[in-house]
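Fold and geometry: a report
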Amino acid sequence: MIDFVPSENDQKAFDQARASAMICRKYARHYDENEQEMAPEKLPEADEFYAEHPNPAPPGEGDSSMLTRMARISMINYWGDYTVRLIRESGGLGNAALEASGTPEQIAKWGKLCLSMAITEPGCGSDPSRVATTAVLDSETNEWIINGEKIFVTTGIRADAVVLWATLDKSAGRGGIKSFLIEKGTPGFNVPHKEKKLGIRADDTAAYVFTDCRIPRDNLLGGDEKVNLKNSGGFRGVMKTFNMTRPLTAAMGLGLAEAAIDFTRDQLEASEIEIDYMAGPGSQTAAAEKFIRLEALFDASKLTTMQACWLAGEGKPNNMESSVCKAHAGGAVRAVTQGCIEILGAMGISREHLLEKWTRDCRITDIYEGTGEIQRLIIARGLLDYTRADLK
Ligand SMILES: Cc1cc2nc3c(=O)[nH]c(=O)nc-3n(C[C@H](O)[C@H](O)[C@H](O)COP(=O)(O)OP(=O)(O)OC[C@H]3O[C@@H](n4cnc5c(N)ncnc54)[C@H](O)[C@@H]3O)c2cc1C
């Protein structure tokens, strides 16, 4: 039976996250308006906070799964602010990719670094088989020579190294694509700029350029390409990580939507507009009716996300469910934040409040980790038992 009731230990983790989110929210506007600044690794309040709120035990017997706990904590963190944290997590998206497709030796060597993940290029986004960055083996020096350009790399500036997708052979399509680990400071690896964005402005998103960048042959994830081609860091290994990260991405957007709902509820209450969940259609103010519909949309989206996490925690396949929750949340968070602005009018777009910021911040939910359209393709293929060739 699916059970989302938090255990006592889970609840301690959520309470701690909520208290920390309240502090982070104080910094939200500053880092939104000062996009060039990087939010600090540690806020001034951090030490005192952790002395008062010690970390709860990691999930164990009777607690929710690690992914479920992470999703719920992400939701709370993003309710506070998108990018500011009391103390930053040390890992990036590339750490999940290393876990999924690195050898035990590679995981031991690089697992403690903060790793970004670079797939997207100016000519390649939704269809990663179009990766044009090349990796050519120099068999005399036993090095890969990397050439190409990557854009919109999350944690691209803070990361110590990147998990990079490059092709060994463009004519081989997906089969030719492998992932490589490249450390910052390697000659030929440049970070030309931090991207400027509509929302999540304090988030660290960077562009990378590789020019005759030489890395050791052993930096191919999954092992040496010649002796272990099938297992080496190719498409499938890294795609597996999306089943875990898509529910987390949905949860982040939902945290912003929840912040918008809580703010709107407070404003309706302050204006003495009653919200009556038992009243039938047309029996209360249009604002209250609209608010209830937005809350229902939010709840539906949260449940699809919890289901995708729960399946993973049970060790069951969640490929389709992780796309369902990501596609649903991508649309729901936009509808919720826009709906809250419609209810509140001018207050909704004033920079005096954070609602307009949450509306900008949540737009990304439907873009990265695969757009809504791409999630719908994955869902349709799953439902109809179609292959990529049947439906693209
Ligand atoms: C803030 C931010 C952070 C990011 N972080 C990372 C990161 O860390 N690493 C990384 O590699 N990338 C990252 N990305 C890139 C992101 O994954 C891509 O933007 C996304 O995959 C979409 O690719 P694209 O922008 O090239 O759009 P395109 O692929 O050019 O798509 C344009 C439009 O066409 C639609 N479309 C495309 N193909 C189809 C189809 N077959 N059927 C129907 N519609 C279709 C899309 O849904 C979209 O609406 C990030 C992006 C942003 C904005």
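The rules behind these values
For every chain, the first residue of its written sequence is number 1, and the numbers climb from 1 along that sequence. Predicted model: local features are reported for residues with pLDDT of at least 70 only, side-chain atom pairs are reported and counted for 80 or more only, and whole-chain, interface and lining totals are derived from all residues. Calculated side-chain values reflect all of the structure's heavy atoms, with hydrogen atoms and water omitted. Here a strand is any run of E in DSSP of at least two residues, a helix any run of H or I of at least four, and the numbering for each starts at the N terminus. Throughout, radius of gyration means the C-alpha value; the globule benchmark is 2.2 Å times the number of residues raised to the power 0.38. Partly exposed describes any residue whose relative accessible area lies between the buried limit of under 20% and the exposed limit of over 50%, with all areas from a 1.4 Å probe on protein chains only and scaled to the type maximum. Here a residue-residue contact requires only that any non-hydrogen atoms of the pair lie within 4.5 Å. Counted as positive: Lys and Arg. Counted as negative: Asp and Glu. His and the chain ends are not counted at all. Taken as the charge location is NZ of Lys, CZ of Arg, CG of Asp or CD of Glu. Orientation is described by lines fitted to C-alpha atoms, with helices fitted over the stretch in contact, and by angles between N-to-C directions that extend from 0 to 180 degrees. Should an angle fall under 35 degrees it is taken as roughly parallel, and over 145 as roughly antiparallel, whereas 65 to 115 is taken as roughly perpendicular and any remaining angle as oblique. Here is the rule for handedness: rotate from the far helix to the near one, and if that takes an anticlockwise turn smaller than a right angle the crossing is left-handed, while a clockwise turn gives right-handed. Ten residues, namely Ala, Val, Leu, Ile, Met, Phe, Trp, Tyr, Cys and Pro, are considered nonpolar, four, namely Asp, Glu, Lys and Arg, are considered charged, and the remaining ones, Gly among them, are considered polar. Side-chain rings of Phe, Tyr and Trp, where Trp is taken by its six-membered ring, are said to pair if the distance between their centres is within 6.5 Å; with planes under 30 degrees apart they count as stacked, over 60 as edge-to-face, and otherwise as tilted. By definition here, charges over rings are those cases where NZ of Lys or CZ of Arg is within 6 Å of the ring centre and within 35 degrees of the ring normal. As used in this record, nonpolar core signifies buried Ala, Val, Leu, Ile, Met, Phe, Trp, Tyr and Cys residues forming a set joined through side-chain atoms within 4.5 Å. Here the limits of each domain have been adopted from an automatic or database domain assignment. Working definition: residue near molecule or strand if any one of its non-hydrogen atoms lies within 4 Å of it. Each polar contact in these results corresponds to two N or O atoms within 3.5 Å; when the atoms are within protein, one needs to be able to donate a hydrogen and the other to accept it, and residues that are neighboring in sequence are counted only if both atoms are side-chain atoms. Surface accessibility in these figures is a Shrake-Rupley result with a 1.4 Å probe; residues are shielded only by whichever protein chains are displayed. Here, a salt bridge means any Lys or Arg side-chain nitrogen found within 4 Å of an Asp or Glu carboxyl oxygen. In this analysis, the expected span of each helix is defined as 1.5 Å times one less than the number of residues it contains. The pairing criterion is simple: DSSP has to find at least two bridges between the two strands. Buried area: the accessible surface (1.4 Å probe) lost by two parts on joining, summed over both.

Some thoughts on the overall build of the protein
From N to C terminus, the protein includes 13 helices and 7 strands. For the protein, the C-alpha radius of gyration of 22 Å lies close to 21 Å, the compact-globule estimate for 392 residues. Taking the principal axes of the C-alpha coordinates as reference, the protein spans close to 75 × 50 × 45 Å. Residues classed as buried in the protein amount to 51% of the 392 residues present. Counted over contacts in the protein with a minimum sequence separation of 6, partners at least 24 positions apart contribute 71%. Positive and negative side-chain charges in the protein, numbering 45 and 56 respectively, have mean positions lying 5 Å apart.

Let's talk about the packing of helix α1 (residues 8-25) against helix α4 (residues 66-80)
Across the interface, α1 lies against α4 with an axial gap of 7 Å and an inter-helix angle of 20 degrees. With respect to α4, the element α1 is oriented roughly parallel. The two elements α1 and α4 meet at a crossing, and its hand is right-handed. Contact residues: N9, D10, A13, F14, A17, R18, A21, M22 and R25 in α1; R69, R72, I73, I76, N77, W79 and G80 in α4. Looking at the contact of α1 with α4 residue by residue, the class counts come to 8 nonpolar, 3 polar and 5 charged.

Overview of the packing of aromatic side chains
This structure, assessed with the given rule, holds 7 aromatic pairs. Taking the centre distance of 6.1 Å and the plane angle of 85 degrees together, the rings of Y208 and F210 count as edge-to-face. As far as the burial class goes, Y208 and F210 line up, both buried. The aromatic ring of W79 is capped on one face by R18, whose charged end is 4.4 Å from the ring centroid.

Some thoughts on the nonpolar core
Counting residues in each nonpolar core, the largest one holds 47 residues, and the members touching the most others are Y82, L355 and W358. Of all the secondary-structure elements, those providing two or more residues to this core are α1, α4, α8 (242-270), α9 (286-313), α10 (319-344) and α12 (355-361). Both domains that meet at this core, namely domain 1 (8-80) and domain 3 (240-384), each give it at least three residues. Setting aside its immediate chain neighbours within four residues, W358 contacts R25, L256, A259, A260, F263 and T337. Of all hydrophobic cores here, the second largest spans 19 residues; its members include C114, I146, V162 and I215.

Concerning the site of the ligand
In the vicinity of the ligand lie 20 residues, with T120, S126, F152, T371 and E373 positioned nearest. A distance of 2.8 Å separates an oxygen atom of the ligand from a polar atom in the backbone of I119. Taking T371, its side chain carries an N or O atom lying 2.6 Å from an oxygen atom of the ligand. Protein coverage of the free-state accessible area of the ligand, which is 980 Å², stands at 65%.

A short note on the pattern of salt bridges
Summed over all chains, the structure comprises 22 salt bridges. The partner of R201 in a salt bridge is D32, with the nearest N and O atoms 3.9 Å apart. Taken together, the residues R201 in the loop between β6 (189-194) and β7 (205-216) and D32 in helix α2 (residues 28-33) connect sequence positions 169 residues apart. We classify R201 as partly exposed; its relative accessible area is 21%. Taking relative accessible area as the criterion, D32 reaches 2% and is therefore assigned buried.

Some thoughts on the side chain of R85
Along the chain, the position of R85 falls in the loop between α4 and α5 (93-101). What R85 contacts, discounting residues up to four positions off in sequence, is C24, P40, L43, N77 and Y78.

Quick word on α1
Because an α-helix packs 3.6 residues into every turn, residues spaced three or four apart end up facing the same way. Taking 1.5 Å per residue, 18 residues should reach 26 Å; α1 reaches 26 Å between its end C-alpha atoms and fits that length. Where the residues of α1 are buried, they touch α2, α3 (46-52) and α4.

Concerning the pairing of strand β3 (residues 143-154)
Bridge analysis of strand β2 (residues 134-138) against β3 gives 5 bridges, and the strand direction is antiparallel. Note on β3: the bridge partner recorded for V136 is I145. Between β2 and β3, which pair antiparallel one after the other, the connecting turn spans 4 residues, and N142 there sits at a positive phi close to 60 degrees. Two strands pair when backbone bridges link them, and β3 and β7 are joined in this way by 9 bridges, in the antiparallel orientation. Bridging across to β7, E149 finds its partner in V209.

A look at the domain arrangement of the protein
For interface size, the figure often reported is the accessible area lost on association. Segmenting the protein into domains produces domain 1 (8-80), domain 2 (93-233) and domain 3 (240-384). Spacing between the C-alpha centres of domain 1 and domain 3 amounts to 20 Å. With both chains or domains summed, domain 1 and domain 3 bury close to 1800 Å², and 65% of this area falls on carbon and sulfur atoms. Sorting the residues of domain 1 by area buried against domain 3 places R29, L67 and M75 first, and these three jointly supply 37% of that buried surface. The interface formed by domain 1 and domain 3 includes 4 salt bridges. Here E33 ties to R351 by a salt bridge, and the two come within 3.1 Å at their closest N and O atoms. Linking domain 1 to domain 3 there are 6 residue pairs in polar contact (both at pLDDT 80 or more). When residues of the side of domain 1 that touches domain 3 are traced back to their parent elements, those giving at least two are α1, α2 and α4. Considering every element that reaches the side of domain 1 that touches domain 3, the biggest residue donor is α4, with 9 residues.

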